[in-house]
Amino acid sequence: MSTAVELLDQGHEVDIYELRSFIGGKVASFVCKRGNHIEISLHVFFGCYNNLFRLTKKVGADENLLMKDHTHKFVNKGGEIGGIVIS
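Numbers given to residues run from 1 along each chain, matching the order in which its sequence is written. Totals for whole chains, interfaces and linings use every residue, but because this is a predicted model, local features are given only for residues with pLDDT of at least 70 and side-chain atom pairs only at 80 or more, for both listing and counting. Excluding hydrogens and water, the side-chain figures rest on all heavy atoms present in the structure.

Chemist: What should I look at first to understand the overall build of the chain in this one?
Modeler: Secondary structure counts use DSSP, requiring at least four H or I residues in a row for a helix and at least two E residues in a row for a strand, with both numbered from the N terminus. Helices and strands together make up the secondary structure of the chain, namely two helices and four strands. Counting helices and strands in the order they occur from the N terminus, the chain gives α-β-β-α-β-β. A buried classification covers 8% of the 87 residues belonging to the chain. Here a residue-residue contact requires only that any non-hydrogen atoms of the pair lie within 4.5 Å. The contacts in the chain between residues at least 6 apart in sequence include a share of 12% that link residues at least 24 apart. Shrake-Rupley sampling with a 1.4 Å probe provides the accessible areas, and residues are treated as covered by the protein chains on show and by no other component. With the model as given, the accessible surface of the chain reaches about 7,800 Å², and the carbon-plus-sulfur share is 56%. Under the scheme applied here, a residue whose accessible area is under 20% of the maximum for its type counts as buried, over 50% as exposed, and between as partly exposed, the area being computed with a 1.4 Å probe on protein chains only.

Chemist: In this structure, what is going on with the pairing of strand β3 (residues 70–75)? I would like to understand it.
Modeler: Here is the key point about a regular strand: its side chains alternate between the two faces of the sheet. Note that β3 and strand β4 (residues 81–86) share six bridges and pair antiparallel. Counted as the bridge partner of T71 is V85 from β4. One requirement defines pairing of two strands: DSSP has to find at least two bridges between them.

Chemist: Would you mind going over the environment of L52 with me for this structure?
Modeler: One can find L52 in helix α2 (residues 50–58). The partly exposed category is assigned to L52, whose relative accessible area is 27%. Sequence separation of L52 and D62 is ten residues, and the distance between their C-alpha atoms is 9.7 Å.

Chemist: Would you mind going over the environment of E6 with me for this structure?
Modeler: Here E6 shows up in helix α1 (residues 2–9). C-alpha separation for the pair E6 and L55, spaced 49 residues apart in sequence, amounts to 9.9 Å.

Chemist: I keep staring at the pattern of salt bridges and nothing clicks. Help me out?
Modeler: Proximity of charged atoms lets side chains of opposite charge pair with each other. One speaks of a salt bridge when a side-chain nitrogen belonging to Lys or Arg is within 4 Å of a carboxyl oxygen belonging to Asp or Glu. One pass over the full model with this rule turns up one salt bridge. The shortest N-O distance in the salt bridge between D9 and K58 comes to 2.1 Å. Here D9, found in helix α1, pairs with K58, found in helix α2; they are 49 residues apart in sequence, far enough to count as distant.

Below, the structure written as structure tokens:
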């Protein structure tokens, strides 16, 4: 998608084809039988992803991003529990 935006900016015509009924490649989700949205890919964006946020703003998708506080938990060598708070 970012390549298509870049090519359009340079004056090229671009066609995008998608096999599924929705776009997104591995950055997508689906609705299960219970009505829950199930993520099928990475869905955590860190605030330092400047290029990603610049692109989402450029194509008008930034209004659809839901930013929330989150804690990543992990187990260090020796079993010590650690975490990173993201807000």
